[in-house]
Amino acid sequence: MRLLSGAMLFFPFHAFAATEILPGQWEIGGLPGQRLEGNRVYFDKAAVFTSRSVFLDLHKNKTASILFPELEGVFLLKIEVECFFQNRSEKVIEFATLSPGKGLQRVRFDFTNKASWNGVGKNVELKLIGKQAQAVPPRLTLESSTLSTRLAIFAENWIRPVQLKGLVTNLFRWPEFSDIPTTIALAALWLAGFFVLLLLPRYKDRQRLAKAVVIWSLALWITIDLSQKWAAWGTLERVRAMNGHFSDALGFLESDARALSAILKKNGVKRLNFLGSGENSAYLRFAMLPARLEPESSPERIVICERGLDPMISKDLLTIGGRVILKSPAELEGTDLFAVYSGDPP
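What comes next is a walk through the structure. (Residues numbered from 1 in each chain as written. Predicted model: local features only at pLDDT ≥ 70, side-chain atom pairs only at ≥ 80, totals over all residues. Heavy atoms only, no water.)

## Considering the sheet that holds strand β15 (residues 292-293)
Let me state the cut-off plainly: Note: two strands are recorded as paired if DSSP finds a minimum of 2 bridges between them. Put simply, DSSP marks the helices as runs of H or I at least four residues long and the strands as runs of E at least two long, and each gets a number from the N terminus on. Contacts are assigned to residue pairs that have any heavy atoms within 4.5 Å of one another. Note on geometry: axes are C-alpha line fits, over the in-contact stretch for helices, and angles between N-to-C directions span 0 to 180 degrees.
A sheet is described by the order of its strands in space; here seven strands give the open sequence β15-β14-β16-β20-β19-β18-β17, paired in mixed fashion. Edge strands, defined here as strands with exactly one partner in the open sheet, are β15 and β17 (312-314). The sheet contacts of helix α6 (residues 254-266) involve β14 (271-275), β16 (302-306), β19 (323-334) and β20 (338-344), and relative to β20 the element is tilted by about 25 degrees.

This is the structure:
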């Protein structure tokens, strides 16, 4: 660390001169199922691009643009940057969803509100996750944080496909701007429009003002609804491109998900309930398609229970912690973590 600090003091201009990483400055990690042909990497699950020795000025440049000349079959991008500031090192990690379609793609990140994004950036790592995918090394450019750039990045995040990643599958996450929750931002936007209408002379009449407020509210709601329908529609291409795989990263639950899916298909199950953690429920929702996971308020004849909840069959009842789940239950099949029961709703 002292050596790095000394290098920064001795070569201040060189340390902060580089604001981009060119395609030829990436090293491609040797992950299983990954091969390099020319300047293109082919992979079945994941590929990693690691920057060669480079220093990036993070103090002035708070937004990052990653331009891939060509991508295909990639669902998820992870960026990890090692930041050195005030004699300490921290890693900044962010994710972005991608369309698996073939062609040029650009992803931008806004790090303005990241306290760790400061000083010098080193050891940039890009991880791509996909199925039967290919990629050409990208150009990464750091840019200054202007309001217009930040708003453009926010809009891009808003219309990206719904995320299919991590421990929660098919997760929809509202993007934030300057650490302001989206619901608060939308409320502020509505109020701003309301006050503008209130100040216009033509809406001094209460009836006109009421009609204008209704129109403004409907216009805002329709715009938001259509933009999110567009984002949801963007997931369809990703689902098709998965080619039978359940998710970008089902992790240790993948074998259970496959087994549960096979059990439901074998028994012709179309609707079911799930009893367990909300995380696992969301995680398995996509994996169990086309069976529909219903809320517990709509009891179904088929129930999947986490075995950790200690489901018990006694006196012709399936109970969990004394609560009746099914009458006349029968265990169909299951896995080490989950059991599938059929019966009559209580």
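## Points about unusual backbone geometry
In plain terms, the rule: Each residue is placed in one exposure class: buried if its accessible area under a 1.4 Å probe, protein chains only, is under 20% of its type's maximum, exposed if it is over 50%, and partly exposed if it falls in between.
In this structure, D179 is a non-glycine residue whose phi angle is positive, near 60 degrees. Relative to the elements of secondary structure, D179 occurs in the loop between β13 (168-171) and α4 (182-199). The class of D179 is exposed, set by a relative accessible area of 52%. Even without being a glycine, S328 presents a positive backbone phi close to 50 degrees. Summarising the element assignment, S328 is placed in strand β19.

## Focus on empty space enclosed by the protein
Our working definition: Cavity and pocket criteria rest on a 1 Å grid covering protein atoms alone: a 1.4 Å probe that fits but cannot get out defines a cavity, protein on both sides within 12 Å along at least 5 of 7 lines defines an open pocket, and an atom within 4 Å of a point defines a lining residue. Grid points are joined across faces, edges and corners, and a volume is the space filled by probe spheres set on the points.
Under the definition given, this model contains one cavity of 30 Å³ or more. What the largest cavity holds in volume is close to 50 Å³. Around the largest cavity, the lining residues are C83, F85, R88, E90, A115 and S116.

## Digging into the pattern of salt bridges
Proximity of charged atoms lets side chains of opposite charge pair with each other. Selection rule: Salt bridge, as applied in this entry: a Lys or Arg side-chain nitrogen positioned within 4 Å of an Asp or Glu carboxyl oxygen.
This model, assessed by the stated rule, comprises 20 salt bridges. Residue D110 pairs with R150 through a salt bridge whose shortest N-O separation is 2.6 Å. Placement of the pair is D110 in strand β9 (residues 103-110) and R150 in helix α3 (residues 147-158), with a sequence separation of 40 residues. Judged by its relative accessible area of 10%, R150 is buried. With a closest N to O distance of 3.5 Å, R271 and E294 form a salt bridge. Highlighted residues: R271 in strand β14 and E294 in the loop between β15 and β16, separated in sequence by 23 residues.

Geometric values such as these leave the question of function open.
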